Structure formats: C-alpha cells, structure tokens
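Single-letter residue listing:
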Amino acid sequence: GFGVLLLMFQVWDEKRKAKLLTKHLESFLPTALAHEIASSLPSNESLGRPAEGPVLVLRIVGLERWSARVDSLQALALVHACTSLCEKHARAQGGTLAHVKGDTLIMAWSSQMGGSANNKSNAIERSLLAAKALVEELTPLLRRNEFEACPLSINAALESGPYLLAVAGS
C-alpha cells in the first residue's frame, strides 16, 4: 500500500512539473508548440513543424526611440498593452501570437496543409479581421502615448502560404 501511495505521489509530482514547464514555455512560445516541447523527450532534432496559412506581422514604428525617452515602467506598460491586444485579437480570430521581438509582433493562422480553398480563404478572412481590429484599437493607444518628438505608428504586413513554426538557437 505504501509503495502504491509513493508511486501515486511521484506521478502527481511529474505532472505538476510538466505543467510548470509548459507554462514557462508558453511565456515565449506559441501554446501548441510549448505543449509539444514539454511532452516530448529531449533530442537534437529541430523543435518545429511546417504549417500553412496567413502570417500577420505588425511593427510599432518609433517604439525604440520612444522607449528611450520615457520611464521604463511606462515603456513596459505600452509594450505589454500592445502584446496583449495582439494576442487577444489573434486568438479571437483563431490565430496565435507566434513571436514577439522588440517592436515586431508576429501572429499566425493555420489552415490545413493541402486543405480546401474554402479553409484557406476562411483563415485569410480571420487574419484580416484581426488586423483591422488591431489597427482600430492600437492607433488610439499609440496616439495617447506618443509625443511630438517621438511619434508612434503601425506598419502591418499579411502574407499567406507555407511557413515554419520553430525554435532556433538557445
């Protein structure tokens, strides 16, 4: 009985550690990729997978210059607000916030590889809806925070086709 109880405790502890690792990975990787990495055995193979669909890249122009002239907490608050909005709108339209690097945020939608034209068209429509909602919500936020010497604006690009969702380097 004691051995079974000890085994149950070890299984519970391993599940707890796996959930903790997954939450940590989700802080800088897309959720699906974080779960995949956390549930696989370590290896030297690539941590990624091919996908197909729209990719929306949003860049906040002037953010680096603006951040250098404001309080670090104010800069962090704006970056957090922008990132949260991108994640919210991407998820609302069936996508994910795939990567954030400085002033650039990348959102991705996956249509099935080799899927029907209707499925691909639907993913493109959803990504366009997210882009439109982001521009409508981010523009006033940036206007409220900018000042004359450091204007803030948005550049966005949307492309659809095959892409690789992966981790490269350390």
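Criteria and cut-off values
- Residues numbered from 1 in each chain as written.
- Predicted model: local features only at pLDDT ≥ 70, side-chain atom pairs only at ≥ 80, totals over all residues.
- Heavy atoms only, no water.
- Helix = DSSP H or I, 4+ residues; strand = E, 2+ residues; numbered from the N terminus.
- Contact = heavy atoms within 4.5 Å.
- Salt bridge = Lys/Arg side-chain N within 4 Å of Asp/Glu carboxyl O.
- Patch = residues over 30% accessible without salt bridge, like charges linked within 9 Å, V, L, I, M, F, W, Y side chains within 5 Å.
- Areas by Shrake-Rupley, 256 points an atom, 1.4 Å probe, with all protein chains shown as cover.
- Buried < 20%, exposed > 50% of the residue type's maximum accessible area, 1.4 Å probe, protein only.
- Core = buried A, V, L, I, M, F, W, Y, C linked by side-chain atoms within 4.5 Å.
- pLDDT = per-residue confidence, 0-100.
- Expected span 1.5 Å × (residues − 1).
- Arc of directions from axis to C-beta.
- Disulfide = S-S within 2.5 Å.
- Pairing = 2+ DSSP bridges.

Draft legend 1. Molecular detail of the side chain of S127. Tracing the sequence through the fold places S127 in helix α5 (residues 117–145). Aside from chain neighbours lying at most four places away, what touches S127 is P54, L56, W109 and L158.

Draft legend 2. The arrangement of the pattern of salt bridges in detail. Scanning the entire structure with this criterion turns up seven salt bridges. For D13, the salt bridge identified is with K17, shortest N-O distance 3.3 Å. Residue D13 and its partner K17 are both found in helix α1 (residues 2–26); the two are separated by four residues, about one turn of the helix. Note that R91 is salt-bridged to E87, the shortest N-O span being 3.2 Å. Of this pair, R91 and E87 both sit in helix α4 (residues 72–92), four residues apart, which is roughly one turn of that helix.

Draft legend 3. A nonpolar patch on the surface, seen in detail. Taken together, F2, L5, L6, F9 and W12 make up a surface patch of nonpolar side chains, about 610 Å² in accessible area. Topologically, L6 is positioned in helix α1. L6 sits in the partly exposed class, given a relative accessible area of 42%.

Draft legend 4. A look at the nonpolar core. L58, W66, L78, M107, L134 and L138 are the most contacted members of the largest nonpolar core, which totals 26 residues. Element by element, the count of residues in this core is highest for α5, at seven residues. Apart from residues no more than four positions distant in its own chain, L78 is found in contact with L63, W66, L141, L142, N145 and L152. Among the nonpolar cores identified, the runner-up in size contains eleven residues, and L25, I37, A51 and Y163 belong to it.

Draft legend 5. Representation of the confidence of the model for the protein chain. With 88% of its residues at a pLDDT of 70 or more, the protein chain has an overall mean of 86. Mean pLDDT per element in the protein chain: helix α2 (residues 31–39) is the minimum at 73, and helix α3 (residues 63–69) is the maximum at 94.

Draft legend 6. A look at the side chain of T22. Following the sequence through the fold, T22 ends up in helix α1. By relative accessible area, which is 9% here, T22 ends up buried. Non-local contacts of T22, meaning those with residues more than four positions away in its chain, are made with A34, H35 and A38.

Draft legend 7. Up close: α4. Here α4 is 21 residues long and its end C-alpha atoms lie 30 Å apart, about the 30 Å a rise of 1.5 Å per residue gives. Of the positions making up α4, those classed as buried are A75, L78, C82, L85, C86, H89 and A90. Along α4, the residues classed as buried sweep out an arc of 125° about the axis, all on the same side. Of the exposed residues in α4, those oriented more than 90 degrees away from the buried face are S72, L73, L76, H80, R91 and A92.

Draft legend 8. Expanded view of the environment of R69. Note that R69 resides in helix α3. Put simply, R69 and A149 are 80 residues apart on the chain and 9.6 Å apart in space, counted from C-alpha to C-alpha. If we skip the residues at most four places from it in the chain, R69 touches F147, A149 and C150.

Draft legend 9. Representation of the state of the cysteines in the model. With the rule as written, the count across this model stands at zero disulfides. Free cysteine C82: the closest other cysteine sulfur is in C86, separated by 6.9 Å.

Draft legend 10. Representation of the pairing of strand β3 (residues 104–108) within the structure. The element β3 is extensively covered by neighbouring structure, given that four of its five residues are classed as buried. Pairing of strand β2 (residues 96–101) with β3, which is carried by five bridges, proceeds in the antiparallel orientation. Directly across from K101, in β3, lies its bridge partner T104. From the end of β2 to the start of β3, which pair antiparallel, there are two residues, and G102 there has a positive phi angle of about 60°.

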